[in-house]
Amino acid sequence: MTTKEKDLKYIMHTYGRYDVALKSAKGVTAYDENGKKYIDVSSGIGVNSLGYCNDGWVEAVSKQAGTIQHMSNYFYCSQASDLAEKLCTLTGLSKVCFGNSGAEANECAIKIARKYSFDKYGEGRNEIVTLNNSFHGRTVTTLAATGQDVFHNYFFPFTEGFKYADADDMDALKAVVSDKTCAVMLELIQGEGGVNILDPEYVKELVKYCNDNDILVIVDEVQTGVGRTGKLFAHQNYGILPDLMTVAKGLGGGLPIGVCMCGEKLKDVMSPSTHGTTFGANPVVCAGANYVLDTVANDEFLAEVEKKGQYFEDKLTKIDGVKSVRRMGLMIGIELEKGDAHDIAIKCVENGLLIITAKDLLRMLPPLVIDYNEIDEAINILEKTIKENN
Ligand SMILES: *Cc1c(COP(=O)(O)O)cnc(C)c1O
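If you look the protein chain up in an unreviewed UniProt entry, it shows as Acetylornithine aminotransferase from Ruminococcus bromii. For the protein chain, the Subunit (unreviewed entry) comment in UniProt is given as "Homodimer." Regarding the protein chain, the relevant UniProt record gives this comment under Catalytic activity (unreviewed entry): "N(2)-acetyl-L-ornithine + 2-oxoglutarate = N-acetyl-L-glutamate 5-semialdehyde + L-glutamate".

Strand order in the open sheet made by the four strands is β1-β2-β3-β15, with mixed pairing throughout. Of all strands in the sheet, those bounded by a partner on one side alone are β1 (22–26) and β15 (353–354). Pairing analysis gives three bridges linking strand β2 (residues 29–32) to strand β3 (residues 37–40), with the strands arranged antiparallel. In the sheet register, Y31 faces β3, and the bridge partner there is K37. The sheet contacts of helix α13 (residues 372–388) involve β3 and β15, and relative to β3 the element is tilted by about 105°.

With that out of the way, let us pick up the domain arrangement of the protein chain. According to the domain assignment, the protein chain consists of domain 1 (3–54 + 299–388) and domain 2 (57–296). Taken over C-alpha atoms, the centre of domain 1 sits 26 Å from the centre of domain 2. The partner domain 2 presents 31 residues to the 28 residues of domain 1 that form the contact. Carbon and sulfur atoms supply 61% of the area that domain 1 and domain 2 bury against each other, a total of about 2,400 Å² over both sides. Of all residues in domain 1, L302, M328 and M331 give up the largest surface area on contact with domain 2, accounting jointly for 28% of the area buried on that side.

Mapped onto this numbering, the UniProt entry gives "binding site: N(2)-acetyl-L-ornithine" (unreviewed entry) at R138 and T277. Its location among the elements puts R138 in the loop between β5 (127–131) and α6 (140–145). Ignoring any residue separated from it by four or fewer positions in sequence, one finds R138 in contact with A103, L143 and F151. Here T277 is to be found in the loop between β12 (258–262) and α10 (283–296). For T277, the contacting residues outside a window of four places in its chain are N73, F98, G99, N100 and E104.

Judged by nonpolar contacts, the single largest core of 60 residues is most densely connected at F312, L316 and L382. Both of domain 1 (3–54 + 299–388) and domain 2 (57–296) provide at least three residues apiece to this core. Setting aside its immediate chain neighbours within four residues, L382 contacts L316, I319, I334, C348, L353, I355, L362 and M364. Counting 28 residues, the second largest nonpolar core, distinct from the first, contains L188, V203, L206 and Y238.

Another point: the sheet that holds strand β7 (residues 181–186). Taken in spatial order, the seven strands of this open sheet run β4-β12-β11-β10-β7-β5-β6, and their pairing is mixed. Looking at the sheet topology across the chains shown, the edges are occupied by β4 (95–99) and β6 (162–165). Geometrically, the sheet is characterised by an average inter-axis angle of 20° between neighbouring strands, direction not taken into account. Docked against the sheet, helix α4 (residues 78–91) engages β4, β11 (244–247) and β12, running at close to 130° with respect to β4.

Quick look at the site of the ligand now. In the neighbourhood of the ligand, the contacting residues comprise S101, G102, A103, N106, F135, H136, G137, E187, D220, V222, Q223 and K249. The contact in question runs from an oxygen atom of the ligand to an N or O atom on the backbone of A103, over 2.8 Å. Within the contact set of the ligand, an oxygen atom lies 2.7 Å away from a side-chain nitrogen or oxygen of Q223. In the complex, 82% of the free accessible area of the ligand, which totals 380 Å², lies under the protein chains. A per-element tally of the shell around the ligand places helix α5 (residues 102–121) first, with three residues. By residue class, the composition of the shell around the ligand is three nonpolar, six polar and three charged.

Further remarks concern α5. The terminal C-alpha atoms of α5 lie 28 Å apart, and with 20 residues this matches the ideal 28 Å at 1.5 Å per residue to within 8%. Of the residues making up α5, those classed as buried are G102, A103, A105, N106, C108, A109, I110, I112, A113, Y116 and S117. Where α5 begins, one side-chain oxygen reaches toward the backbone nitrogen of E104, 3.2 Å away; that side chain belongs to S101. At the exit of α5 stands G122, carrying a positive phi of roughly 85°.

Further remarks concern the pattern of salt bridges. Evaluated as defined, the whole model comprises 19 salt bridges. K163 is the partner of E127 in a salt bridge, and the nearest nitrogen-oxygen pair spans 3.4 Å. A residue pair is termed long-range when its members are at least 10 positions apart, and E127 in strand β5 and K163 in strand β6 qualify at 36 residues. Among the residues examined, E127 registers a relative accessible area of 11% and is labelled buried. Owing to a relative accessible area of 32%, K163 belongs among the partly exposed residues under this scheme. We note a salt bridge from E192 to R363, for which the minimum N-O separation is 3.0 Å. With a gap of 171 residues between them, E192 in the loop between β8 (189–190) and β9 (196–197) and R363 in strand β17 (residues 361–364) connect regions that are remote in the sequence. Through salt bridges with shared partners, a single ionic network connects K95, E264, K267 and D268.

So, on to the packing of helix α12 (residues 341–350) against α13. In contact at an axis separation of 9 Å, α12 and α13 are set at 125° when each is read in the N-to-C sense. The angle between α12 and α13 places the two elements in the oblique class. In this structure, α12 meets α13 at a crossing whose hand is right-handed. Across from I344, K347 and C348 in α12, the residues of α13 making contact are I381, L382, T385 and I386. Tallied by class, residues from the contact of α12 with α13 come to five nonpolar, one polar and one charged.

What counts, and at which threshold
- Residues numbered from 1 in each chain as written.
- Predicted model: local features only at pLDDT ≥ 70, side-chain atom pairs only at ≥ 80, totals over all residues.
- Heavy atoms only, no water.
- UniProt positions renumbered as here; feature names shortened; annotations may be inferred.
- Pairing = 2+ DSSP bridges.
- Helix = DSSP H or I, 4+ residues; strand = E, 2+ residues; numbered from the N terminus.
- Contact = heavy atoms within 4.5 Å.
- Axes fitted to C-alpha atoms, helices over the stretch in contact; angles between N-to-C directions.
- Domains from an automatic or database assignment.
- Buried area = accessible area lost by both parts, 1.4 Å probe.
- Core = buried A, V, L, I, M, F, W, Y, C linked by side-chain atoms within 4.5 Å.
- Buried < 20%, exposed > 50% of the residue type's maximum accessible area, 1.4 Å probe, protein only.
- Near = heavy atom within 4 Å.
- Polar contact = N/O pair within 3.5 Å; in protein donor to acceptor, adjacent residues only side chain to side chain.
- Areas by Shrake-Rupley, 256 points an atom, 1.4 Å probe, with all protein chains shown as cover.
- Nonpolar A, V, L, I, M, F, W, Y, C, P; charged D, E, K, R; others polar.
- Expected span 1.5 Å × (residues − 1).
- Salt bridge = Lys/Arg side-chain N within 4 Å of Asp/Glu carboxyl O.
- Parallel < 35°, antiparallel > 145°, perpendicular 65-115°, else oblique.
- Left-handed = near helix turned anticlockwise from the far one by under 90°.

This is the structure in structure tokens:
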């Protein structure tokens, strides 16, 4: 059986896959089982922040795998405490809780928000407002948090206590806030929702309103974090500091990690046995994440991310058939004048460009280390593909 045949026979069909079996990769280039070459501007959905098999990252991870590959959370782990220290020092937040995915990190943030409110106000103040068009994960609770009706299907009953409001509309937010509200949860750039960049004025007003009312602000930086937007975290582009922040995708450089971070006011809300997960804070994963942070948390590196993003934007907006570009750093949404974005993405892949979509946009989350020649190569394939379809 081919890889594809075996996949279709034995793996549950929860993804519509491209017709490609990737076999090996380095940097921004991947190869399939037939040796065909691809430029990758998707990074495994923003995960491979340093590209494929970055030398330093491979060394850090391999070394840790040969030193101690796992210990339970009943022991102290230097890789995890180093990573936690870095994350706190770099953000001004106070403490972290480790898990394995974005959805899990959001679950943790939801639990902390509810427990804070329970401890302080007693039962009943447990509602969380999220934004329409958001995406927060695939567990039953994070599906409920996700502000899109298409996700609220089949798996009833969903977790109670979520209210939804349109983004960029303070009146809409205030209309659903009540004395039962404990938190507002949002992505500053809605990734899956179509690379919707929230208005900085709205975000500032929202944070002030929440602070004034002891409503916690949870910023989901699962996709926007770790240099993606040209700052280490997107909230730094907005000049705000959330009460809770979740980070995942790009942090591990390709290994599964999810982190929930909190500020001073929440640092002692969780106590032994209120949360945990077997694989959380795994030393190999943390070694990879430490290497990623040591590389990305650097002003020159981050300035280069924004510069490359601008270079992408300048080239993209000149392509015939591109209607508009939404971008912050190297998080890029491309609105097409015509044609179905998903069809175009499939054709891009056939033409050697790994690209993804978000709603009816093409989406690029290239490795942060992509160079200008690789950007040109990606642009050329995209331009050619759009032309073939016009
Ligand atoms: C991908 C994503 C998630 C879910 O992360 P998983 O690791 O797939 O569970 C949550 N929030 C945002 C903003 C995401 O982009």
